[in-house]
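# Remarks on the overall topology
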Amino acid sequence: MKKLINAPESVLADALGGVAAAHPGLKVDPENKVITRAGGTRAGKVALVSGGGSGHEPLHGGFVGTGMLDAACPGEVFTSPVPGQMLAAAQAVDGGAGVVFIVKNYTGDVLNFQMAAELAAEEGITVETVLVDDDVAVQDSTYTAGRRGTGATVFVEKIAGALAEQGADLAAVAEMAKRVNSSSRSFAVALTACTTPASGKPGFDLPEDEMEVGVGIHGEPGRRREKLATAKEIVATALAAILGDQPLDAGEETIVLVNGLGATPLIELYVVFNEVASVLAEKDVTIARSLVGNYVTSLDMAGVSITVCRADAEMLALWDAPVNTAALRWGA
């Protein structure tokens, strides 16, 4: 194993120290392992809190800032944060208007955020929980009951975050987050396994001429193993699964994320995006907005995930609203 670390057991603490040093707009609580906006949450604003195991950077800490999250709770690599972290985050960012927990559908995350919501209620903090479950590859997996939460998390955090920034109330922000999730579908393909610092070896064996079709972001098995295919063939497989689950009519508008899993060169992601654009153009479906790059990674896994969100005018306007985080920045 070759990694730029000091020791496997200190990776999260050392990374959080780097986040604090690199981004003065963020505040890092090293004791509770919570990342918040340096300026706090303004009074009367609904706060958004998310989190999960580390190893998926920039998710979630990279999306803390104006227009997105108010706080993120990173767990150890591929390990859910604990309820105490989540409660500390809610307490730190509650502006009196309530908190939305955005939770990817992994069993540990779901159970721990549920417990944190109950603890927050005892503290007088009103919490609404939104579950992200956009992955159409498999119904149940190693880490989940039901579909996994993956790339749509970025869409949920950006669009619901913009609505919260505009002053919407708790119910409206939570409802928008649910709308975005229900409008989004994802599918991923891995070319290599990832290696966690604690294990020191790849999470699964994948021959040089094979790929894992429908892989999860922790390396969970997908639908099947296949011989390595071209980008065109991979996109056809992914979009067949996505559009088979949520068909799109001619004339509809979408937001598309072509996401690297950590070790995929950007040039290859653009090759993939070109194929996605071609398929959707043939169906007369418009890509109104897009992201290409590493947004929800899996450490050093080579591969790609594709997320397609059916977007209405309100979602697109909120997508365009200003955002200023470590990983996403646009607008005034």
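These lines cover the structure that appears in this document, whether it is placed above or below. (Residues numbered from 1 in each chain as written. Predicted model: local features only at pLDDT ≥ 70, side-chain atom pairs only at ≥ 80, totals over all residues. Heavy atoms only, no water.)

### Topic: the overall build of the protein chain
Test applied: Secondary structure elements are defined from DSSP: runs of H or I of at least 4 residues count as helices, runs of E of at least 2 residues count as strands, and each element is numbered from the N terminus. C-alpha atoms define the radius of gyration, and 2.2 Å times the number of residues to the power 0.38 defines the globule rule. Residue burial is assigned from relative accessible area. The probe radius is 1.4 Å, only protein chains are included, and a residue is buried under 20% of its type maximum, exposed over 50%, and partly exposed in between. We call two residues contacting when some pair of their heavy atoms lies within 4.5 Å. Accessible surface is estimated by sampling points in the Shrake-Rupley manner with a 1.4 Å probe; for residues, cover comes only from the protein chains shown.
Scanning the protein chain from terminus to terminus reveals 8 helices and 15 strands. In summary, the protein chain has a C-alpha radius of gyration of 19 Å against a globular reference of 20 Å for 332 residues, a match within 12%. Along the three orthogonal principal directions, the C-alpha set of the protein chain runs to about 55 × 50 × 35 Å. The burial tally for the protein chain puts 55% of its 332 residues in the buried class. For the protein chain, the proportion of contacts with a sequence separation of at least 24, taken over those separated by at least 6, is 73%. As displayed, the protein chain has an accessible area near 13400 Å², and 53% of this comes from carbon and sulfur atoms.

### Things to note about the sheet that holds strand β12 (residues 286-293)
Where we set the bar: We call two strands paired when DSSP finds no fewer than two bridges between them. Fitted lines through C-alpha atoms serve as axes, helices being fitted only where they are in contact, and the angles separating the N-to-C directions of these axes extend from 0 to 180 degrees.
In spatial order, the strands read β10-β9-β8-β13-β11-β12; together these 6 strands make up an open sheet with mixed pairing. Looking at the sheet topology across the chains shown, the edges are occupied by β10 (224-227) and β12. Strand-to-strand, the axes of this sheet are offset by a mean angle of 20 degrees, without reference to chain direction. As judged from the 4 bridges shared by strand β9 (residues 210-213) and β10, these two strands associate in the antiparallel manner. Across the sheet, the residue bridging to glutamate 210 is lysine 227, located in β10. Strands in contact with helix α6 (residues 231-245) are β8 (184-190), β9, β10 and β13 (303-310); relative to β8, the strand with the most contacts, it is inclined by about 150 degrees.

### Examining the nonpolar core
Rules: For our purposes a nonpolar core is just a set of buried Ala, Val, Leu, Ile, Met, Phe, Trp, Tyr and Cys residues, chained together by side-chain atoms within 4.5 Å.
Of all hydrophobic cores here, the largest spans 49 residues; its most connected members are Leu48, Val100 and Val173. Broken down by secondary-structure element, the contributors of at least two residues to this core are α1 (11-22), β1 (26-29), β6 (99-104), β7 (127-132), α4 (152-165), α5 (170-182), β11 (253-260) and α8 (313-320). Per-element tally for this core: the top contributor is α4, with 9 residues. The contacts of valine 100, once residues within four sequence positions are left out, are Val46, Ala47, Leu48, Val49, Glu128, Val130, Leu170, Val173 and Ala174. Among the nonpolar cores identified, the runner-up in size contains 26 residues, and Val213, Ala238, Ile242 and Ile306 belong to it.

### A word on the pattern of salt bridges
Operational definition: Each reported salt bridge corresponds to a side-chain nitrogen of Lys or Arg within 4 Å of a carboxyl oxygen of Asp or Glu.
All chains considered together, the criterion is met by 17 salt bridges. With a shortest N-O distance of 3.5 Å, aspartate 70 and arginine 37 are connected by a salt bridge. Residue aspartate 70 is located in the loop between β4 (65-66) and β5 (71-77), and its partner arginine 37 is located in strand β2 (residues 34-37); the two are separated by 33 residues in the primary sequence. A relative accessible area of 1% places aspartate 70 in the buried class. A salt bridge links arginine 148 to aspartate 135, with the nearest nitrogen and oxygen atoms 2.7 Å apart. You can see arginine 148 sitting in the loop between β7 and α4 and its partner aspartate 135 sitting in the loop between β7 and α4, a full 13 residues away along the chain. Judged by relative accessible area, arginine 148 falls into the buried class, the value being 0%.

### Comments concerning unusual backbone geometry
Going from glutamate 57 to proline 58, the amide bond is cis rather than trans, its omega being 10 degrees. Within the fold, proline 58 resides in the loop between β3 (47-54) and β4. In this model, leucine 59 is joined to histidine 60 through a cis peptide bond whose omega is 0 degrees. Here histidine 60 lies in the loop between β3 and β4. A positive phi is found at leucine 299, a non-glycine position, where the angle reads about 55 degrees. Structurally, leucine 299 is set in the loop between β12 and β13.

### Here we look at the environment of glutamate 31
Within the fold, glutamate 31 resides in the loop between β1 and β2. When the C-alpha atoms of glutamate 31 and valine 272 are compared, they prove to be 41 Å apart, with 241 residues separating the residues in sequence.

### Observations regarding the sheet that holds β2
Strands sit in the order β1-β2-β5-β3-β6-β7 across an open sheet of 6 strands; the sheet is mixed. In the strand order of this sheet, the two ends are held by β1 and β7, each with one partner. Within this sheet the neighbouring strands show an average axis-to-axis angle of 20 degrees, counted without direction. The pairing of β1 with β2 spans 4 bridges and is antiparallel. Bridge pairing links valine 28 to isoleucine 35 in β2. Here helix α3 (residues 107-122) sits on the sheet in contact with β3, β6 and β7, set at roughly 165 degrees to β6. Along the sheet, α5 contacts β3, β6 and β7; its crossing angle with β7, the most-contacted strand, is approximately 5 degrees.

### Considering the packing of α6 against helix α7 (residues 266-282)
Packed helices, taken two at a time, are described by the angle their axes make and the gap between the axes. What counts is decided by this rule: If an angle is under 35 degrees, it is roughly parallel; if it is over 145, roughly antiparallel; if it lies from 65 to 115, roughly perpendicular; otherwise it is oblique. For any pair of crossing helices, the crossing counts as left-handed if the nearer helix is rotated counterclockwise from the farther one by less than a right angle, and right-handed if it is rotated clockwise. In this classification, Asp, Glu, Lys and Arg are treated as charged, Ala, Val, Leu, Ile, Met, Phe, Trp, Tyr, Cys and Pro as nonpolar, and every other residue, Gly included, as polar.
At a closest axis distance of 9 Å, the pairing of α6 and α7 adopts a crossing angle of 50 degrees. The angle between α6 and α7 places the two elements in the oblique class. Of the two possible hands of crossing, α6 and α7 adopt the one that is right-handed. Across from Ala231, Lys232, Val235, Leu239 and Leu243 in α6, the residues of α7 making contact are Val271, Val272, Glu275, Val276, Val279 and Leu280. Tallied by class, residues from the contact of α6 with α7 come to 9 nonpolar, no polar and 2 charged.

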